[in-house]
Amino acid sequence: MRILQVSAEIFPLLKTGGLADIAGALPAALQVAGCDVRVMLPGFPAICAGLEGGEPVGSFAMPWGERVEVVYGTLPALARDGRTLGAYVLMAPGLYDRPGNPYEDANKQPYGDNHRRFAALGLAAAHVAHGLDAQWRPQLVHSHDWHAALAPASLALWNEGQGPRVPSVYTVHNLAYQGVFGPEHFGDLGLPGRAFHVHGMEFHGQLSFMKAGLFYANHITTVSPTYAREIQGPEQGCGLDGLLRARQQHLSGILNAVDDSVWNPSTDALIAHPYDARHMTGKAQSKAALQAEMGLALEPDAPLFAVVSRLTEQKGLPLVLAAVDEIVSRGGQLLVLGSGETGLEQAFVAQAKANPGRVAVKLGYDETFAHRIFAGSDVTLVPSRFEPCGLTQMYGLKYGSLPLVRRVGGLADTVVDSDLETLEDRTATGFVFDAFDESHYRRAVRRAFALYHRKAEWNRVRQTGMKLAFDWASAAQHYVALYQNLIAQA
């Protein structure tokens, strides 16, 4: 099957969150499963720098007059097992050639023309699906998150529905980020007028890219089975739960996976002391090195709790802040890596100053340092208010850093709470709490301390987690079956 994957970022070239990890790993897994996969990406500087070849295949004009050139080349950084990954990249410097964050300016404000920048991405996918590249045409287009949500809409509305329709899959990585714009921008999108309708992309008088993807795609997937159920209710449906309930027969959850070639403590070139579930000396060495690097007390028996996250309320960081004393007073340590809301950044920095040797913070995102944190920490904190899938807890499991999570979304699908029953049957892999409040979070932290001081049981739980397989081969087979079904129906 010829599959075109469309996303705004891709690891290792450009990453702001988990979307990039999935966009980078899924094509390789699909190639192994026998698919002929190519990706489509905006021409951000980091992506253009990673493109080899870059031969023009065609161009098209957007409604405001700007021409977008599509070039085709390969991405050597994403090669796996001798397989190269082909990529279509949109060359439109006026839209994409900007430094820093791909979505926001230096003041963390969304670019005023984001609707144009990502409308072009969706429309380009439709052009390639309908023959822009004379040498290759996809049988199905799979787009990711709001940035690529106009791909299903453009495909469904191509030539006002006349002629063969290329089927589409649309994956929601986070329903809370919807790409909502004012109605005055509709004319820039290249869609027929009937798309601006309640049965289309109109959302309370605004334009919702997310709603366009949900409404027009042949099938919707989310990144975990539990999240697929949760977004059909008002609490996590973000105003789109009615549409999702109406489309529940065309909605499924496929659990994300972890790229073992990137996240594996026995082969990870980014950590100085490799280890595996049977030989854990390297983890103790990694912890000592991490404590020294971040100015934490060199205490091998102090449980080290870690946060590797966007610093947002969604991720449950206010709970972590409110209960820093629960960790410090019991002799533990807290290490935070991330950036996001200014108030949270400042609050964590203040905690580090108030608790020298016990709390350390590094603002920003550092991929290499993240690997060292998972390798050196004992507990990975992911107490999210909502979590579509979450990759952080999976990284923690693989690296023997027991996840402490809230029972929500993909966290509920991947972490088994340590209680008397699961400790007895050896299925426990971490710590899970239910209600999003400080008291429930604190109790989970106390349970982590209690297990940590029972070394034999701690080590057994850690081994169980490290041996779990969140592999892309299984996830890819689910996607392949879905693609086959949709192509057969087209």
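Predicted model only: the values in this text are computed from it and were never measured. (Residues numbered from 1 in each chain as written. Predicted model: local features only at pLDDT ≥ 70, side-chain atom pairs only at ≥ 80, totals over all residues. Heavy atoms only, no water.)

### With respect to the packing of helix H4 (residues 114-129) against helix H5 (residues 150-157)
Here's step 1: At a minimum axis distance of 7 Å, the contact between H4 and H5 shows a crossing angle of 45 degrees. One element, H4, and the other, H5, form an angle in the oblique class. The handedness of the crossing between H4 and H5 comes out as right-handed. Contacts between H4 and H5 involve Ala 119, Gly 122, Leu 123, Ala 125, Ala 126 and Ala 129 from the first element and Leu 150, Ala 151, Ser 154 and Leu 155 from the second.
Here's step 2: Classifying every residue of the contact of H4 with H5 by side-chain character gives eight nonpolar, two polar and no charged. (Axes fitted to C-alpha atoms, helices over the stretch in contact; angles between N-to-C directions. Helix = DSSP H or I, 4+ residues; strand = E, 2+ residues; numbered from the N terminus. Parallel < 35°, antiparallel > 145°, perpendicular 65-115°, else oblique. Left-handed = near helix turned anticlockwise from the far one by under 90°. Contact = heavy atoms within 4.5 Å. Nonpolar A, V, L, I, M, F, W, Y, C, P; charged D, E, K, R; others polar.)

### A word on a negative patch on the surface
Here's step 1: On the surface, Asp 419, Glu 421, Glu 424 and Asp 425 cluster together to form a negatively charged patch.
Here's step 2: Tracing the chain through its elements places Glu 424 in helix H16 (residues 420-425).
Here's step 3: According to the relative accessible area criterion, Glu 424 is exposed, its value standing at 67%. (Patch = residues over 30% accessible without salt bridge, like charges linked within 9 Å, V, L, I, M, F, W, Y side chains within 5 Å. Areas by Shrake-Rupley, 256 points an atom, 1.4 Å probe, with all protein chains shown as cover. Salt bridge = Lys/Arg side-chain N within 4 Å of Asp/Glu carboxyl O. Lys, Arg positive; Asp, Glu negative; His and termini not counted. Charge placed at Lys NZ, Arg CZ, Asp CG, Glu CD. Buried < 20%, exposed > 50% of the residue type's maximum accessible area, 1.4 Å probe, protein only.)

### Focus on the packing of helix H1 (residues 18-32) against helix H19 (residues 472-489)
Here's step 1: Running from N to C, H1 and H19 cross one another at 75 degrees; their axes reach a closest spacing of 9 Å. Looking at the two axes, H1 sits roughly perpendicular to H19. Within the contact between the two elements, H1 uses Ile 22, Ala 25, Leu 26, Ala 29 and Leu 30 and H19 uses Trp 472, Ala 476, Tyr 479, Val 480 and Tyr 483.
Here's step 2: The residue inventory of the contact of H1 with H19, partitioned by class, reads ten nonpolar, no polar and no charged.

### Quick notes on the sheet that holds strand E14 (residues 333-338)
Here's step 1: Within the open sheet, the six strands sit side by side as E15-E14-E13-E16-E17-E18. Their pairing is parallel. Bordering the open sheet on either side are strand E15 (359-363) and strand E18 (431-433), each of which pairs with just one other strand. Within the sheet, the average angular offset between the axes of one strand and its neighbour, ignoring direction, is 15 degrees.
Here's step 2: Where helix H17 (residues 438-452) meets the sheet, it contacts strand E13 (304-308), strand E16 (379-382), strand E17 (402-406) and E18, and its direction lies at approximately 160 degrees from that of E18. (Pairing = 2+ DSSP bridges.)

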